Amino acid sequence: MNVKQEMQIPWHCIWITGAGRGIGAALARLLCERGATVYGSARNLDELNELQSSLVSAPGKFIPVPLDIRRPAEIAALFERWDREQRFPELVVLNAGTHDPASAEAFSAQRCRRLLDINLQGTINCLDPVLHRYIAGRKGHIAVMASVAGYRGLPTAAAYCASKAALISLCESLYMDLHGTGVRLQVINPGFVRTPLTDKNTFQMPALMEADDAAMAIYRGLLSSRFEIAFPRRFVFWMKLLRLLPNRLYLSLMRRATQKSL
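Predicted model only: the values in this text are computed from it and were never measured.

A large share of strand β1 (residues 13-17) lies buried, amounting to 5 of its 5 residues. The two faces of β1 match: Cys13, Trp15 and Thr17 on one face and Ile14 and Ile16 on the other face are all buried. Taken together, the 3 bridges between β1 and strand β4 (residues 91-94) define a ladder with parallel strand orientation. Within the sheet, the bridge partner assigned to Ile16 lies in β4 and is Val93.

This is how it looks when you write it as structure tokens:
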């Protein structure tokens, strides 16, 4: 992709969840700098306002939209406002998520539910009204943030891996169902990206990327025709190769690779 192609942006209005920090904030910044109007959602209004202040000179516009994606009533109110204004986003990036690393000894239903309510059900809460409006209008572009952690289970990440695996399967199913509707759906599977979430990890993270680099990889992927946006390429190759290993071999290799750092 050349520089001219990178500067072309096919969306005027975009909605990004989890835009307060990390990948979401980096992607919002990149898109605003290319002239888009970006509605950024997060629970922390201070983070959104800080991002807005940093983008006042950008060609585009960042609009803070404080939102808890666990609460369907808040999402419904936002969509009703957009319906009244007749200014619905052409691209939706459902990026919001959390991580709560825990060993089997610390496993609990409450901790799992708290994570799944954000990563999985929260994404579904947002996906519901977006899909219906896009299908009715026979156009629209959706990208869902999953992770290479959804490929196979990883130590201390039972709930996180489960949530990301579920999102990957969800997107694969919907992608087939959406064929011929005019609605584009992509799944984003990053490797390790330096964010407040990965800062919680106590093990060595191979091929660790910065959030700005991840945002650029996502941007280029959104402009492509690929279903899956996965990066960094070499790390993803090895993760996909691990999916092909028999369980006995995979579990043994992973245990040996991580036991020293856990």
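Structure shown, so let's carry the discussion forward.
If you trace the 7 strands from one edge of the open sheet to the other, you get β3-β2-β1-β4-β5-β6-β7, paired in parallel fashion. The strands lining the two open edges of the sheet, one partner per strand, are β3 (61-66) and β7 (228-231). In this sheet, neighbouring strand axes are inclined to one another by 15 degrees on average, regardless of whether the strands run parallel or antiparallel. Bridging between strand β6 (residues 183-190) and β7 involves 4 bridges; their strand directions are parallel. Note on β7: the bridge partner recorded for Pro190 is Phe231. Across the sheet, helix α2 (residues 22-33) lies against β1, β2 (37-42), β3, β4, β5 (140-145) and β6, angled at about 170 degrees from β1, the strand it touches most. Those strands touched by helix α8 (residues 211-222) are β4, β5, β6 and β7, and its axis lies near 150 degrees from that of β7.

Further remarks concern the pairing of β4. Residues Leu91 and Val93 line one face of β4 and the alternating positions Val92 and Leu94 line the opposite face, and both faces are buried. Pairing of β4 with β5, which is carried by 4 bridges, proceeds in the parallel orientation. Bridged to Leu94 within β5 is Val144.

Per the stated rule, a full pass over the model turns up 11 salt bridges. In this structure, the salt-bridge partner of Glu47 is Arg21, at a minimum N-O distance of 3.8 Å. Of the two residues, Glu47 is situated in helix α3 (residues 45-54) and Arg21 in the loop between β1 and α2; the sequence distance between them amounts to 26 residues. The exposure class of Glu47 is partly exposed, given its relative accessible area of 21%.

Each value, and the rule that gives it
- Residues numbered from 1 in each chain as written.
- Predicted model: local features only at pLDDT ≥ 70, side-chain atom pairs only at ≥ 80, totals over all residues.
- Heavy atoms only, no water.
- Buried < 20%, exposed > 50% of the residue type's maximum accessible area, 1.4 Å probe, protein only.
- Helix = DSSP H or I, 4+ residues; strand = E, 2+ residues; numbered from the N terminus.
- Pairing = 2+ DSSP bridges.
- Axes fitted to C-alpha atoms, helices over the stretch in contact; angles between N-to-C directions.
- Contact = heavy atoms within 4.5 Å.
- Salt bridge = Lys/Arg side-chain N within 4 Å of Asp/Glu carboxyl O.

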